[in-house]
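A structural walkthrough
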Amino acid sequence: MLDNSSCGWRQLAKAVSEQPRLSCSENELTACSLQVLSATGSPGRTLLARLADRSCSLEFLLHCLRKMDHHDAVQCLTTTVAELIQITVQPQSQEAKMGSKVVLTCRATGPPGLSYQWFRGSEEVSTETGSTPELVLCPLAPVHQGHYICRVNHGDNCIFTQWVEVRSVYSAGCSSTLFPGSVSGLRFTLQPQSQAASEGDTLFLECDAEANPPAQYEWYHNMLPMKEQKTRSLKIPCVTTADRGQYKCKVFNLYHEAWTDTATVTIGPSSITDASWVEVDRGLDSKEVHRLTNRPGIHPLQQMANPPPPVKNFHATDKVALLIGNMNYLYHTQLCAPMADVHELTNFLRQMDFKVVSLLDLNWQEMHSAVTEFLLLLDKGVYGLLYFAGHGYENYGNSFMVPIDAPASYTSEHCLCVQQILTRMQEKETGLNVFLLDMCRKRNPNDVIIVQPELIKVTANIVFGYATCVDAEAYEVKKKDVSNGIFISFLKRRVCEDEKVTVMLDRVAEDMGRCEITRGRQALELRSNLSERRSLTDKIQPSECSTSHSARNLQWAVAHVLPQTLYLQFDCGVKVQLGFAAEFSNIMVIYTRILEKPKEIVSCCAQLTDFPEDVDIDLKKSNQETLVEAGSLLLIKENLPSPEVPSLYTRIRGLQRLRTELTFTTCLHYTYSNMDEEVQERKPVTVGKPLVSKLNLHEPRPLRTCSASSSFSLDSFNVPECSSLTEAFASVDSVSNTWPYCVQTGRESSTTDPPASSRSANIPEETDCPELCDAPQPLVASKSLSLSQVNDTNYKFSDMYNFHSH
């Protein structure tokens with residue numbers, strides 16, 4: 001990484017020399033360079049070893065690498081540090097009487113120099129113990145009530161504990177038996193239970209206790225301490241007979257110690273032997289030998305006669321969707337329908353409480369980064385849905401999505417393999433994996449490579465809905481304004497039905513089959529191994545760890561923060577409003593309005609100009625009087641605040657490519673009643689990084705899968721190693737502007753000032769509060785093709801120019 005001439009070890013040696021003790025002599029630099037003569041030698045490693053011998057701190061090394069703009073090395077080091085920091089003792093929610101003493105404790109392991117900072121809500125606790133591992137609230141007062149969280153820092157890297165709540169208890173003259181003053185008792189609220197498991201199962205034991213100061217936990221197996229098990233939950237994946245025996249947990253604090261009841265765990269052979277099986281041996285002579293294994297004591301006919309178990313109501317721990325529509329290809333046919341298809345499906349999914357990220361026109365790097373961010377939103381039991389509309393192909397059973405920058409003769413190297421994404425989703429132990437692929441499945445003659453993704457696990461929760469059959473094309477209806485693809489035209493009739501996903505898609509396939517214009521040309525194909533009645537309408541029931549759900553909410557919200565409404569006061573007395581509306585996660589509309597003007601000014605308008613080159617703006621369609629003229633066919637003027645006020649609209653595309661804050665100039669043109677010449681005033685405006693631009697999708701992600709052992713842990717707010725959310729999290733500077741995906745209101749939103757901290761990039765949001773965890777508001781209404789517009793009489797395949805295959 002440092003063994004190069006442009007940005008390598010010599011530049012690092014020069015950078016660290018600003019500290020004289022780290023400066024290297026010419027002889028030392030020569031010795032480093034001679035390492036290239038050795039087969040295993042590395043000048044960069046040799047220099048780093050010398051710096052380590054001279055006690056070069058990690059913070060100073062990161063400072064020098066940033067100074068060199070060596071992004072890969074900085075990312076590697078910060079990822080390593082983030083992985084090293086681990087919370088070992090989590091604070092616990094507590095109730096205590098007014099005037100008593102409450103201690104919140106956090107313990108962490110990691111590199112030397114860890115620092116702690118406690119927050120109450122979004123405000124730093126500035127007391128003496130506010131920056132120590134133990135926050136002492138004494139005497140407890142009403143102002144101390146609320147939600148607390150602790151941030152553990154090492155330089156720019158940090159992780160957060162779980163949120164806890166401190167509440168006061170009022171009693172009329174009687175003392176509490178649990179919290180008598182500062183020396184509290186210790187009471188078990190949950191004991192570990194004896195259980196039987198089979199080899200290969202996951203063993204899960206837990207206990208819980210109420211105490212003040214909060215309890216700490218140590219698990220014991222056959223009276224021997226389990227050094228790595230120091231939380232209230234004990235989890236052992238893939239148990240063997242060596243894990244059988246007696247388990248107990250020691251629970252203690254500064255004043256008390258207690259042991260749980262003994263839980264006896266028996267480990268038997270694999271539970272697969274307890275099932276009923278019909279084995280079929282197929283020999284060379286094709287003879288079948290049947291062996292029936294029955295449940296003991298039950299006749300086979302009785303087993304068959306037993307009625308099926310009642311239908312189980314399934315739920316998701318969360319629901320997340322990534323929708324990508326590629327239209328404006330650089331070297332291929334332009335498409336029309338993906339814009340309307342993505343927008344409509346977004347609205348339907350949001351009605352079913354999905355967290356949706358909708359993106360248009362992504363290149364290869366942006367698609368890879370978007371998928372990586374999508375994977376970070378997944379967790380155990382989460383429903384994940386991926387929709388893609390654009391050019392695509394299928395080779396040897398693998399489906400490939402084509403980015404807008406794919407060359408004319410593209411291969412799998414230039415595209416994204418859907419099956420590889422599936423294997424990464426399975427690592428998250430998702431509850432349901434749905435892929436809706438609105439693209440062609442013709443074979444690509446330019447691609448002779450057989451891609452072999454990782455082995456797909458048998459999880460019985462996978463659904464593939466293909467818009468067309470193998471070796472066939474998918475079509476869209478080309479219209480003047482808003483177009484839908486054939487697939488979405490039929491899917492939107494059924495997608496919100498409370499039916500098993502496969503049943504719903506089967507009905508869509510039947511609808512398409514009855515349509516004259518699609519018969520024989522495009523037919524939905526369904527592939528699934530879904531064994532449970534899981535539906536897209538299933539309710540969300542967060543797992544026990546609410547912090548996990550809250551962290552996903554924050555992570556998703558980062559990509560949907562609109563700038564606050566701005567009010568500009570010009571010297572001439574004119575007051576201009578700047579409003580913002582989201583059309584997609586990477587497309588925003590800015591509208592300008594004249595709110596006040598002096599009487600002597602007869603005409604004026606506010607136009608936007610001087611946008612950065614990173615974003616895509618059609619100058620011919622900027623500052624238009626209607627949304628349609630501005631290129632926004634989906635937003636409806638009546639859904640914007642105060643639609644009766646005349647406005648000028650400018651549509652900004654490609655926000656995912658924005659590398660710095662969005663800056664532009666508001667140019668006010670006005671004319672006085674006694675003058676013929678037009679006067680201009682200009683004001684520069686900076687609105688930060690809106691919507692998905694905070695995620696820096698243009699930046700490469702590490703070339704590794706986000707496995708279940710990734711450093712990103714939603715349970716502890718760890719910073720993901722393959723995400724830009726650290727920077728994005730910093731920009732969520734208020735609770736009030738975090739959630740809405742829809743347009744900002746006409747009035748200025750009230751904001752909560754961020755905690756005054758030297759590390760403002762690590763500001764937590766209090767997400768356990770019910771008022772902050774409400775479902776986000778739906779998108780503003782969109783135009784769409786009515787259901788009657790896709791009947792048999794409207795289109796004929798003889799008019800093939802009306803259709804464009806993906």
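Please read all numbers here as calculations on a predicted model, not as lab measurements.

Cut-offs applied
Residues numbered from 1 in each chain as written. Predicted model: local features only at pLDDT ≥ 70, side-chain atom pairs only at ≥ 80, totals over all residues. Heavy atoms only, no water. Helix = DSSP H or I, 4+ residues; strand = E, 2+ residues; numbered from the N terminus. Buried < 20%, exposed > 50% of the residue type's maximum accessible area, 1.4 Å probe, protein only. Contact = heavy atoms within 4.5 Å. Areas by Shrake-Rupley, 256 points an atom, 1.4 Å probe, with all protein chains shown as cover. Pairing = 2+ DSSP bridges. Phe/Tyr/Trp six-rings, centres within 6.5 Å; stacked < 30°, edge-to-face > 60°. Lys NZ or Arg CZ within 6 Å of the ring centre and 35° of its normal. Axes fitted to C-alpha atoms, helices over the stretch in contact; angles between N-to-C directions. Parallel < 35°, antiparallel > 145°, perpendicular 65-115°, else oblique. Left-handed = near helix turned anticlockwise from the far one by under 90°. Nonpolar A, V, L, I, M, F, W, Y, C, P; charged D, E, K, R; others polar. Polar contact = N/O pair within 3.5 Å; in protein donor to acceptor, adjacent residues only side chain to side chain. 1 Å grid on protein atoms, 1.4 Å probe; cavity = no way out; pocket = protein on both sides within 12 Å on 5 of 7 lines; lining within 4 Å. Points joined across faces, edges and corners; volume = space filled by probe spheres on them. Arc of directions from axis to C-beta. Salt bridge = Lys/Arg side-chain N within 4 Å of Asp/Glu carboxyl O. pLDDT = per-residue confidence, 0-100. Disulfide = S-S within 2.5 Å.

1. Remarks on the overall build of the protein
- Summing up its helical and strand segments, the protein has 13 helices and 40 strands in all.
- A buried classification covers 52% of the 806 residues belonging to the protein.
- Residue pairs at least 24 apart in sequence account for 72% of intrachain contacts in the protein once pairs closer than 6 positions are excluded.
- In the form shown here, the protein has an accessible surface area of approximately 37,100 Å², with 51% of it arising from carbon and sulfur atoms.

2. Topic: the sheet that holds strand β26 (residues 392-395)
- Reading across from one edge, β26-β27-β28 is the order of the 3 strands in this open sheet, with antiparallel pairing throughout. The sheet is open, and its two edges are formed by β26 and β28 (416-417), each paired on a single side.
- Here 4 bridges tie β26 to strand β27 (residues 398-401), and the two strands are oriented antiparallel to one another. Looking across to β27, one finds that asparagine 395 is bridged to asparagine 398.

3. Brief notes about the packing of aromatic side chains
- Counted according to the given criterion, the structure contains 8 aromatic pairs.
- Taking 5.6 Å as the distance between ring centres and 85° as the angle between the ring planes, the aromatic pair formed by tyrosine 670 and tyrosine 672 counts as edge-to-face.
- Exposure remark for tyrosine 670: the relative accessible area of 4% places this residue in the buried category.
- Taking the relative accessible area as the measure of exposure, tyrosine 672 reaches 21% and is therefore partly exposed.
- A network of ring pairs unites the aromatic residues Tyr393, Phe400 and Tyr410 as a single cluster.
- The ring of phenylalanine 252 carries the charged tip of lysine 250 above its face, separated from the ring centre by 5.3 Å.

4. Focus: the packing of helix α1 (residues 9-16) against helix α4 (residues 58-67)
- Here α1 crosses α4 at 120°, and the two axes come no closer than 9 Å. What the angle tells us is that α1 and α4 run oblique. Relative to α4, α1 is oriented so that their crossing is right-handed. Contacts between α1 and α4 involve Leu12, Ala15 and Val16 from the former and Phe60, Leu61, Cys64 and Leu65 from the latter.
- The class makeup of the residues in the contact of α1 with α4 is 7 nonpolar, no polar and no charged.

5. Focus: the side chain of arginine 534
- For arginine 534, the location among the structural elements is in the loop between β32 (525-528) and α12 (546-558).
- Side-chain polar atoms of arginine 534 contact the side chain of glutamate 532, separated by 2.8 Å.
- Aside from chain neighbours lying at most four places away, what touches arginine 534 is Phe314, His315, Tyr383, Gly431, Leu432, Glu499, Lys500 and Val501.

6. A few points about the environment of threonine 88
- Residue placement: threonine 88 occurs in strand β1 (residues 86-89).
- For threonine 88, a relative accessible area of 29% translates into the label partly exposed.

7. Description of the sheet that holds strand β36 (residues 601-609)
- Taken together, the 3 strands give an open sheet; going across it, the order is β36-β38-β39, and neighbouring strands pair in antiparallel fashion. Pairing within the sheet leaves two strands with one partner each, and these edge strands are β36 and β39 (679-686). Direction aside, neighbouring strands of the sheet carry axes that sit 20° apart on average.
- Examined bridge by bridge, β36 and strand β38 (residues 663-672) share 8 bridges and lie antiparallel to one another. Note that in β38 the partner of glutamine 607 across the bridge is cysteine 667.

8. A few points about empty space enclosed by the protein
- Following the criterion strictly, the structure yields 4 cavities of 30 Å³ or more and no others.
- Taken as a whole, the second largest cavity holds about 110 Å³ of empty space.
- Along the walls of the second largest cavity sit 14 residues, with Val357, Glu373, Phe374, Leu377 and Leu695 positioned nearest its centre.
- Looking at the lining of the second largest cavity, the elements with two or more residues in it are β24 (355-360), α8 (364-376) and α12.
- Per-element accounting of the lining of the second largest cavity gives the leading share, 3 residues, to α8.
- Residues of the lining of the second largest cavity, tallied by class, amount to 12 nonpolar, 1 polar and 1 charged.

9. Focus on unusual backbone geometry
- Following cysteine 138, the chain continues into proline 139 via a peptide bond in cis, with omega recorded as -10°.
- Even without being glycine, methionine 223 reaches a positive phi, approximately 65°.
- Its place among the elements puts methionine 223 in the loop between β15 (216-221) and β16 (224-225).
- A positive phi is found at aspartate 353, a non-glycine position, where the angle reads about 70°.
- Inspection of the secondary structure puts aspartate 353 in the loop between α7 (337-351) and β24.
- The partly exposed category is assigned to aspartate 353, whose relative accessible area is 40%.

10. Focus on α1
- By the burial criterion, the buried members of α1 are Trp9, Leu12, Ala13, Ala15 and Val16. Down the axis of α1, the sector holding all buried residues measures 165°, keeping them to one side.
- Those residues of α1 hidden inside the fold are in contact with α2 (26-33), α3 (43-53) and α4.

11. Points about helix α9 (residues 418-426)
- Across the 9 residues that make up α9, a large majority, 8, are buried.
- By the burial criterion, the buried members of α9 are Val418, Gln419, Ile421, Leu422, Thr423, Arg424, Met425 and Gln426.
- Contacts made by the buried residues of α9 are with α8, β25 (382-389), β27, β28, β29 (432-438) and β30 (462-466).

12. Considering the pattern of salt bridges
- Under the counting rule described, the total for this entry stands at 25 salt bridges.
- Notably, a salt bridge pairs glutamate 525 with arginine 441, separated by 3.1 Å at the nearest N-O pair. Of this pair, glutamate 525 sits in strand β32 while arginine 441 sits in the loop between β29 and β30, placing them 84 residues apart in sequence.
- For glutamate 525, a relative accessible area of 18% puts it in the buried group.
- A salt bridge links glutamate 499 to arginine 507; the nearest nitrogen and oxygen atoms lie 3.5 Å apart.
- Glutamate 499 gets classed as partly exposed once you look at its relative accessible area, which sits at 24%.
- With relative accessibility at 27%, the residue arginine 507 sits in the partly exposed group.
- It is possible to trace a salt-bridge network through shared partners that takes in Arg494, Glu497, Glu499, Arg507, Asp511, Arg514 and Arg533.

13. Side note on the confidence of the model for the protein
- Across the protein, the average pLDDT comes to 77, with 77% of residues at or above 70.
- Across residues 171-184 the pLDDT falls below 50, and counting only partners more than four positions away or on other chains, this stretch makes 25 contacts in the model.

14. Examining the state of the cysteines
- Scanning the entire structure with this criterion turns up 0 disulfides.
- Cysteine 150 provides the cysteine sulfur closest to cysteine 106, a residue in no disulfide bond, and the two sulfurs are 3.9 Å apart.

15. Things to note about the packing of α7 against helix α10 (residues 486-494)
- With their axes 10 Å apart at the nearest point, α7 and α10 run at an angle of 15° to one another. Regarding the angle of α7 to α10, the classification is roughly parallel. By crossing handedness, the relation of α7 to α10 is classed as left-handed. Of the residues in α10, those touching α7 at Asp341, Glu344, Leu345 and Phe348 are Ile488, Leu491 and Lys492.
- Of the residues in the contact of α7 with α10, the class split is 4 nonpolar, no polar and 3 charged.

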